[in-house]
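The lines below spell out each chain.
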Amino acid sequence: AWDIAFRRFVIRTNGGISGPSCVTAARTATSTTFDGLTTAPTGLAERTEEYFLDPPTCEYVLDGSGLGSPGVAMQSFWSYSACVAMTRNVFVLTVADGKKVKLFVESYYSAAKQAECDATGEMPTGTTGSGNLVVKWAFLP
């Protein structure tokens, strides 16, 4: 009875190997802005969770960051060199009841520390407020 789950910088949808539902996520074009997205674009590559390969190997699929996290459908909301930097990617989710939702992750750190990380690619100094995702979302028509 869930559509999306959050744990630190991992966002999972309830579909594929992640759960019994049919939720999908698709990244929009890199030039897309949250406020500019007013309808779901056609032809998006919708994905369910596939962070384990099909049997018989059941091999764990990593996200490529070097942090050992699963390769989830929405992993491209961030990049990692020495800190969790925001990519500004906007996603369209199709939730279990068929409704479309636009979703954008603003930050992983506090606002000022996120700006520092995004600008320098380095871990912000002092208390970062890490692990406190700020997410914008809205239903699409």
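Residues numbered from 1 in each chain as written. Predicted model: local features only at pLDDT ≥ 70, side-chain atom pairs only at ≥ 80, totals over all residues. Heavy atoms only, no water.

*Asks:* Can you walk me through helix α1 (residues 111-120) in this structure?
*Replies:* Spacing of three or four residues puts side chains on the same side of an α-helix, whose turn is 3.6 residues. Looking only at α1, the buried set comprises K113, Q114 and C117. Each buried residue of α1 sits inside an arc of 100 degrees when the element is viewed along its axis, so together they form one side. In this structure, α1 carries A111, A112 and A119 as exposed residues pointing more than 90 degrees from its buried face. Positive phi appears at G121, one or two residues downstream of α1, with a value of about 75 degrees. (Buried < 20%, exposed > 50% of the residue type's maximum accessible area, 1.4 Å probe, protein only. Helix = DSSP H or I, 4+ residues; strand = E, 2+ residues; numbered from the N terminus. Arc of directions from axis to C-beta.)

*Asks:* Would you mind going over the packing of aromatic side chains with me for this structure?
*Replies:* Where two aromatic rings form a pair, the distance of their centres and the angle of their planes describe that pair. This model, assessed by the stated rule, comprises 7 aromatic pairs. On the basis of an interplanar angle of 65 degrees and a centroid distance of 6.0 Å, the ring pair of F9 and Y108 is categorised as edge-to-face. Remark: Y108 occurs in the loop between β7 (100-107) and α1 and F9 occurs in the loop between β1 (4-7) and β2 (10-13); sequence separation between them is 99 residues. Y108 carries the same exposure label as F9, and that label is buried. Taking 5.4 Å as the distance between ring centres and 45 degrees as the angle between the ring planes, the aromatic pair formed by F52 and Y60 counts as tilted. F52 gets classed as partly exposed once you look at its relative accessible area, which sits at 37%. (Phe/Tyr/Trp six-rings, centres within 6.5 Å; stacked < 30°, edge-to-face > 60°.)

*Asks:* Sorry, what's going on with the pattern of salt bridges here?
*Replies:* It is possible for side chains of opposite charge to pair when their charged atoms get near one another. Within the structure shown, the criterion is met by 5 salt bridges. Salt-bridge contacts for K100 lead to E46; the nearest nitrogen and oxygen are separated by 3.8 Å. Residue K100 is found in strand β7, and its partner E46 is found in the loop between β3 (24-27) and β4 (78-80); the two are separated by 54 residues along the sequence. Its relative accessible area of 25% is what places K100 among the partly exposed residues. (Salt bridge = Lys/Arg side-chain N within 4 Å of Asp/Glu carboxyl O.)

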